[in-house]
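# Working through the structure, step by step
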Amino acid sequence: MTELTLAIIKPDAVGRRLAGRILQRIEDGGFHIRAMRRAHLSRRQAEGFYAVHRERPFFASLTAFMSSGPAIILVLEAEDAIKRWRALMGATDPAKAEPGTLRREFAESIERNATHGSDAPDTAAYEIGYFFAGVELVE
Ligand code: IDP
Ligand code: MG
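Analysis parameters
- Residues numbered from 1 in each chain as written.
- Chains lettered and ligands numbered in written order.
- Predicted model: local features only at pLDDT ≥ 70, side-chain atom pairs only at ≥ 80, totals over all residues.
- Heavy atoms only, no water.
- Near = heavy atom within 4 Å.
- Polar contact = N/O pair within 3.5 Å; in protein donor to acceptor, adjacent residues only side chain to side chain.
- Areas by Shrake-Rupley, 256 points an atom, 1.4 Å probe, with all protein chains shown as cover.
- Nonpolar A, V, L, I, M, F, W, Y, C, P; charged D, E, K, R; others polar.
- Pairing = 2+ DSSP bridges.
- Helix = DSSP H or I, 4+ residues; strand = E, 2+ residues; numbered from the N terminus.
- Axes fitted to C-alpha atoms, helices over the stretch in contact; angles between N-to-C directions.
- Contact = heavy atoms within 4.5 Å.

### Side note on the site of ligand 1
In the vicinity of ligand 1, the residues found are K10, Y50, H53, R56, F58, L62, R86, T92, R103, I110, E111 and N113. Within the side chain of T92, an N or O atom sits 2.5 Å from an oxygen atom of ligand 1. Starting from 530 Å² of accessible surface for ligand 1 in isolation, the protein chains cover 81%. In terms of residue class, the shell around ligand 1 is made up of four nonpolar, three polar and five charged.

See below:
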């Protein structure tokens, strides 16, 4: 069974013109790009996306960063896409990410860490629905 996950090339990576290289790694990794949009999120849109983190100390800084410039938002499809995309991204903190992962290679810091990926089927469903209408994902 293939699975869908929500991926974001975050504003730090888009701003440093790393989107093309990250998209190449996505395709080389065997993911199908099922939907893709460039969007400069408002602060409130970023807050809605990261609502599960609203009590965390970094919430204000994270949502300011995520609304600081355009991002590229994607729906990826693959077998086991959620786990496999998180493996390709690497750990949240680039200092702890495995060599060869996107965050190890491209992240600037634990906050400005280049990419986002859903962490479970329920969060993937919420995150995909936050940005894309179901009709956009019908083949
Ligand atoms: P994840 O993106 O690897 O799933 P989460 O814990 O869900 O990591 O955190 C969401 C995002 O919040 C991270 O990708 C990163 O941008 C930011 N973040 C996480 N932990 C910290 C922190 O300790 N300081 C600053 N920003 C953080
Ligand atoms: Mg997360």
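Now that the structure has been shown, we can carry on.
### Regarding the sheet that holds strand β2 (residues 32-39)
Here four strands make up an open sheet; going across it, the order is β2-β3-β1-β4 and the pairing antiparallel. The open sheet is flanked by β2 and β4 (115-117), the only strands paired with a single partner. Adjacent strand axes in the sheet meet at a mean angle of 20° when their direction is disregarded. Where strand β1 (residues 2-9) and strand β3 (residues 71-79) come together, eight bridges link them in antiparallel fashion. Residue I9 lies in a different strand from β3, and its bridge partner there is I72. Its contacts with the sheet put helix α5 (residues 81-89) on β1, β3 and β4, and the angle it makes with β1 is roughly 35°.

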